[in-house]
Amino acid sequence: MNGAEQLTAFLTKVRSDAELQQQLAAFHVELWGDAHLPLDIDLDAVIALASEIGFHFDRADVVASQCRHLERFASFEMENAVVARRYMARIQLQVDRGGKPEEPIHYYKP
C-alpha cells in the first residue's frame, strides 16, 4: 500500500475509532475530509501517531492529497459556474417586457 492509500486507510480508521478520535481531538478530526488532512494542524504529531498504529505516510502524501482534493473542488465549482451562466442566459431569453428584451446580465461584474 502506498502513502496515499495509507493516509486514506488512516482517515477511515480514525472515523470509526472513538479512542483515536479522542487522542486526535486537538486536531479537529471532525473537520478532516474523506481523503485529506488539513495543512494547518501539527502534521508531524498526526503522522507520528499514525505510524505508531501501523499507518505509514509522510508530509508529501498529505500535501499531495490536499492538492488533489482542492483540484477536485475547484473543478466542481468551475463546472457549476458554467452551468449557472447557461441557465441564467436561458432564463433571460424568456423575459419579455412588451417586446423589449431584458438587458443582458454581466456575469463577471461584482
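Residues numbered from 1 in each chain as written. Predicted model: local features only at pLDDT ≥ 70, side-chain atom pairs only at ≥ 80, totals over all residues. Heavy atoms only, no water.

A word on the overall build of the chain. Along the backbone of the chain there are four helices and two strands. Secondary structure of the chain in N-to-C order comes out as α-α-α-α-β-β. Residues classed as buried in the chain amount to 26% of the 110 residues present. For the chain, the share of sequence-separated contacts (at least 6 apart) that also reach a separation of at least 24 residues comes to 44%. (Helix = DSSP H or I, 4+ residues; strand = E, 2+ residues; numbered from the N terminus. Buried < 20%, exposed > 50% of the residue type's maximum accessible area, 1.4 Å probe, protein only. Contact = heavy atoms within 4.5 Å.)

What follows deals with helix α3 (residues 43-52). Buried within α3 are the following residues: Leu43, Val46, Ile47, Leu49 and Ala50. In an axial view of α3, the angular spread of the buried residues amounts to 160°, which keeps them on one side of the axis. Directly after α3, the chain includes Gly54, whose backbone phi takes a positive value near 100°. (Arc of directions from axis to C-beta.)

The next point concerns the confidence of the model for the chain. Looking at the chain as a whole, the pLDDT averages 82, with 86% of positions reaching at least 70. When mean pLDDT is taken per element in the chain, α3 scores highest with 91 and strand β1 (residues 96-97) scores lowest with 66. (pLDDT = per-residue confidence, 0-100.)

For the structure on display, the rule yields two salt bridges. For Asp17, the salt bridge identified is with Lys13, shortest N-O distance 3.6 Å. For Asp44, the salt bridge goes to Arg59, with nearest N and O atoms at 3.2 Å. Residue Asp44 is found in helix α3, and its partner Arg59 is found in helix α4 (residues 59-93); the two are separated by 15 residues along the sequence. Judged by relative accessible area, Arg59 falls into the partly exposed class, the value being 41%. (Salt bridge = Lys/Arg side-chain N within 4 Å of Asp/Glu carboxyl O.)

Turning our attention to helix α1 (residues 3-16). Its 14 residues give α1 an end-to-end C-alpha distance of 20 Å, which sits within 8% of 20 Å, the value for a rise of 1.5 Å per residue. Among all positions of α1, only Gly3, Gln6, Leu7, Phe10, Leu11 and Val14 are buried. One side of α1 holds all its buried residues, which, seen down the axis, span an arc of 135°. Sitting at the head of α1, Asn2 places a side-chain oxygen 3.1 Å from the backbone nitrogen of Ala4. (Expected span 1.5 Å × (residues − 1). Polar contact = N/O pair within 3.5 Å; in protein donor to acceptor, adjacent residues only side chain to side chain.)

A few words on the packing of aromatic side chains. Taken as a whole and assessed by the stated rule, the structure comprises two aromatic pairs. With a centroid separation of 5.6 Å and 45° between ring planes, the pair formed by Phe10 and Phe57 is classed as tilted. Of this pair, Phe10 sits in helix α1 while Phe57 sits in the loop between α3 and α4, placing them 47 residues apart in sequence. As far as the burial class goes, Phe10 and Phe57 line up, both buried. Ring pairing ties together the aromatic residues Phe10, Phe55 and Phe57, which thus form one cluster. (Phe/Tyr/Trp six-rings, centres within 6.5 Å; stacked < 30°, edge-to-face > 60°.)

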